[in-house]
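Architecture and fold: a report
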Amino acid sequence: MSILVFVESSEGQVKKTSIEAVAYAAAMGGDVTAIALGNNIENSELEGLGKYGASKVLHADDERLNQGVIQAYAAVIAKAMEDTGAEVLVLANSSLGNPVSARVSVKVDASLVSNVTDLPDTSGGFKVKRSIYTGKAFAVVELTKNKKILAIKKNAAEVKETGGSAAVEKYKVTISDNDFGAKITNTDKATGEVLLPEAEIVVSGGRGLKGPENWGMVEELAKELGAATGCSKPVSDMGWRPHHEHVGQTGVKVSPQLYIAIGISGAIQHLAGVNSSKYIVVINKDPEAPFFKAADYGIVGDAFEIVPKLTEALRAAK
Amino acid sequence: MKILVCITHVPDTTSRISFTDGDTKFDTTGVQFIIGPYDDYALARAVELKEQQGGSITVLNVGGAETEPTIRKALAIGADEAIRVNAEPGDSFFVAEQIANVAKDGGYDLILMGRESIDFNGGMVHGIVGEILGLPSISPVMTLDIEGDTAKMAREIEGGKEYLEVKLPLVAGCQEPIAEWKIPNMRGIMSARTKPLKVVEPSGDATNTKLQKFERPPAKGDVKMIDAENVGELVGLLKNEAKVL
């Protein structure tokens, strides 16, 4: 089976979620080719994809692709599927990957499933498990077309270093000006931070923190853990934190190894965004906070005392 | 300006999710259905744009007769007319093809919907509609303003946002904070009863996936409580028991 993997980068580095996509494709078995777009990616990063199972990397290094223009990306990836004879396209769920893959599915007439949580079952047909109802349930879905596109959720595959270096080939495609109809005029992006959807550990704060000025201790704790920071919906609605940190039903859905909730009561809409976390720690002064029911570990007490102590204990344990 | 807003009819966000018929059907017993929260944002922004610039709003749903109260609610919020494609929403491709077929001769400047439905969370319909119609598709859209024949938008990306300018017509998948949800007032509710709701039969029956069965997540174990005076114990548990540090 020939598999193409769409790889995204950020600040010159391949995204961790894209490395997972390569590892997922390798675990499926078959010949894995990765494709990266734009000339703002380090070549060594692309060669490094070999470690996770890519035999070849196509690099569409057209400068116009440095920005994630959805239609243009879809055109390049659909063409690459055709050129490589790929039966399956694998990518990580993301704000760019999902809208791009939707368009690719029409171009190549493929079955398309997002939020995939496990490797495919090919014992009869081609079936995958996907998360639905915002993490509250799963569905097993059969992909009925010859070509398939899988947008995988974080932690759908274990990342293992197996192979060596991948051969990087320049990939030239003609892209119609029409596909650049959407003009990206500016980008406003946090730099040097651990990004929420990619983080293995997330530290989130809620209204219990009383105001934006108290986020310092959340950031300290996150820094000690190498974690991303998140927040509840009221906190983002009140403008204490930017919207891209809002975790929940209508915000970012995270699936880290560890989620630490500080001063968040655990409304069902918030839980919907965190219920695929592997472990949940809840710190809340209200012992009746519903979040404790969804937690693995809980501490009842004042966040302003506990959080600095926890940061200290982590530092001491190093 | 002619705006098409596509809405889903989905269980309330607080619903308990369970299944019947050997885990092949969603159990609707006791479940309250609502306009998809993201679709509700799209509708709210459409109403604001209509107030600013004039025009009309058509709301579209692909679903059985049971979705009509949800469609009426959209009419009460401010849509002028509604179309229901009388079919079970099979999968993303099926729904998108139905929307594209309705939209292709409608002359819409904007085709808005939520970034994803909250039942299947696919997040794919806007892109498929855009590709079928040959229009740009942008998602997830956080702000949307129209200046002449150009839409100015902010799109959420991991860790921030990007700003875009796109010529109309286009397809957009919306999310907060594009507008505040609107609560229908009494006049809206009264007028919604008599606004036109056209039922059309589906065109084509193509899907590209087949649902096999539903599964519930494994039950969560009990929470282990740690004394507030002993946070060091938590560090030990995370290291040695959970092995996440």
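Quick caveat, the model's predicted, so the values are computed rather than measured. (Residues numbered from 1 in each chain as written. Chains lettered and ligands numbered in written order. Predicted model: local features only at pLDDT ≥ 70, side-chain atom pairs only at ≥ 80, totals over all residues.)

**Structural notes on the overall build of chain A**
Put simply, the rule is: Secondary structure elements follow DSSP: runs of H or I of four or more residues count as helices, runs of E of two or more count as strands, with numbering from the N terminus. With C-beta atoms placed from the backbone, a residue is labelled by how many other C-beta atoms lie within 10 Å of its own: buried for 20 or more, exposed for 12 or fewer, partly exposed between the two. Throughout, a residue-residue contact means that the two C-beta atoms, derived from backbone geometry, are no farther apart than 7 Å.
Within chain A one finds nine helices and 17 strands. Counting only C-alpha atoms and orienting by the principal axes, one finds that chain A spans roughly 60 × 45 × 40 Å. Scored against the burial criterion, the 318 residues of chain A give a buried share of 57%. In chain A, of all internal contacts separated by at least 6 residues, the share reaching a separation of at least 24 is 66%.

**Focus: the interface of chain A and chain B**
To be explicit about the condition: Ten residue types, Ala, Val, Leu, Ile, Met, Phe, Trp, Tyr, Cys and Pro, are classed as nonpolar, four, Asp, Glu, Lys and Arg, as charged, and the remainder, Gly among them, as polar.
Of the residues lining the interface, 71 residues belong to chain A; the matching set on chain B comes to 65 residues. Each residue belonging to the side of chain A that touches chain B can be placed in one class, and the counts come to 35 nonpolar, 22 polar and 14 charged.

**Quick notes on unusual backbone geometry**
Cis geometry marks the peptide bond from L168 of chain B to P169 of chain B; its omega dihedral reads -5°. Put simply, E176 of chain B and P177 of chain B share a cis peptide bond, and its omega is 0°. Relative to the assigned elements, P177 of chain B resides in the loop between β12 (170-174) and α5 (186-192). In this structure, E11 of chain A is a non-glycine residue whose phi angle is positive, near 50°. Position of E11 of chain A relative to the elements: it lies in the loop between β2 (9-10) and β3 (13-14).

**What about the UniProt feature "binding site: FAD" (unreviewed entry) in chain A?**
All names here are of chain A. For clarity, the threshold we go by: UniProt positions are given in the numbering used here, feature names are shortened, and annotations may be inferred rather than shown by experiment.
Feature annotation in UniProt assigns "binding site: FAD" (unreviewed entry) to the following positions: R207, G263, I264, S265, G266, A267, I268, Q269, H270 and N284. Turning to its location among the elements, R207 is positioned in the loop between β13 (201-205) and α5 (216-225). A tally of 16 C-beta atoms within 10 Å means that R207 is categorised as partly exposed. Examined against the element boundaries, A267 turns out to sit in the loop between β15 (258-262) and α7 (268-274). Residue classification places A267 among the partly exposed residues on the basis of 18 C-beta atoms within 10 Å.

**Examining the sheet that holds strand β15 (residues 224-226) of chain B**
Stated precisely, the cut-off is as follows: Strands qualify as paired when DSSP identifies two bridges or more between them. Under this scheme, a helix contributes an axis fitted over its contacting stretch, all axes are lines through C-alpha atoms, and angles between N-to-C directions fall in the 0 to 180 degree range.
Reading across the sheet, the six strands line up as β14(A)-β13(A)-β15(A)-β16(A)-β17(A)-β15(B) and stay open at both edges, with parallel pairing between neighbours. Strands at the two margins of the open sheet, each flanked by one partner only, are β14 (228-231) of chain A together with β15 of chain B. This sheet shows a mean twist of 20° between the axes of neighbouring strands, independent of strand direction. Relative to β15 of chain A, β13 of chain A is paired through five bridges, and the arrangement is parallel. Note on β15 of chain A: the bridge partner recorded for V203 of chain A is I260 of chain A. The strands touched by helix α9 (residues 303-316) of chain A within the sheet are β15, β16 (279-284) and β17 (297-300) of chain A, with β16 of chain A carrying the most contacts at an inclination of about 135°. Contacts from helix α6 (residues 231-240) of chain B reach β15, β16 and β17 of chain A together with β15 of chain B within the one sheet, and its direction differs from that of β17 of chain A by about 170°.

**A look at the environment of L110 of chain B**
All names here are of chain B. Looking at where L110 falls in the secondary structure, it is placed in strand β8 (residues 110-114). Overall, the presence of 23 C-beta atoms within 10 Å leaves L110 in the buried class. Distance in space between the C-alpha atoms of L110 and V171 is 6.1 Å, their sequence separation being 61 residues. Here L110 is in contact with M1, I3, L168, P169, L170 and A172, once residues within four sequence places are set aside.

**Re helix α3 (residues 92-103) of chain B**
Residues lying three or four places apart along an α-helix face the same way, a consequence of the helix completing one turn every 3.6 residues. Filter applied, for reference: Given a helix with a known number of residues, its expected span is that number minus one, times 1.5 Å.
Spanning twelve residues, α3 of chain B covers 16 Å between terminal C-alpha atoms, matching the ideal 16 Å at 1.5 Å per step. Taken across its twelve residues, α3 of chain B has eleven buried, putting it largely inside the fold. Among all positions in α3 of chain B, only S92, F93, F94, V95, A96, E97, Q98, I99, A100, V102 and A103 of chain B are buried. The inward-facing, buried residues of α3 of chain B contact β7 (110-116) of chain A together with β1 (2-6), β6 (56-62), β7 (81-85), β8 and α4 (125-133) of chain B.

**A few points about the UniProt feature "domain: Electron transfer flavoprotein alpha/beta-subunit N-terminal" (unreviewed entry) in chain A**
Following the UniProt record, the feature "domain: Electron transfer flavoprotein alpha/beta-subunit N-terminal" (unreviewed entry) maps to residues 3-184 of chain A here. As a span, residues 3-184 of chain A carries 25% helix and 32% strand, and end to end its C-alpha atoms are 30 Å apart.

**Quick look at the sheet that holds β8 of chain B**
Spatially, the ten strands line up as an open sheet ordered β12(A)-β11(B)-β10(B)-β9(B)-β12(B)-β8(B)-β1(B)-β6(B)-β7(B)-β13(B), and their pairing is mixed. Unpaired on one side and paired on the other, β12 (183-189) of chain A together with β13 (197-200) of chain B mark the two borders of the sheet. Between one strand axis and the next, the sheet turns by 30° as a mean value, whatever way the strands run. Relative to β6 of chain B, β1 of chain B runs parallel, the two being bridged by five bridges. Across the sheet, residue C6 of chain B finds its bridge partner in β6 of chain B, namely L60 of chain B.

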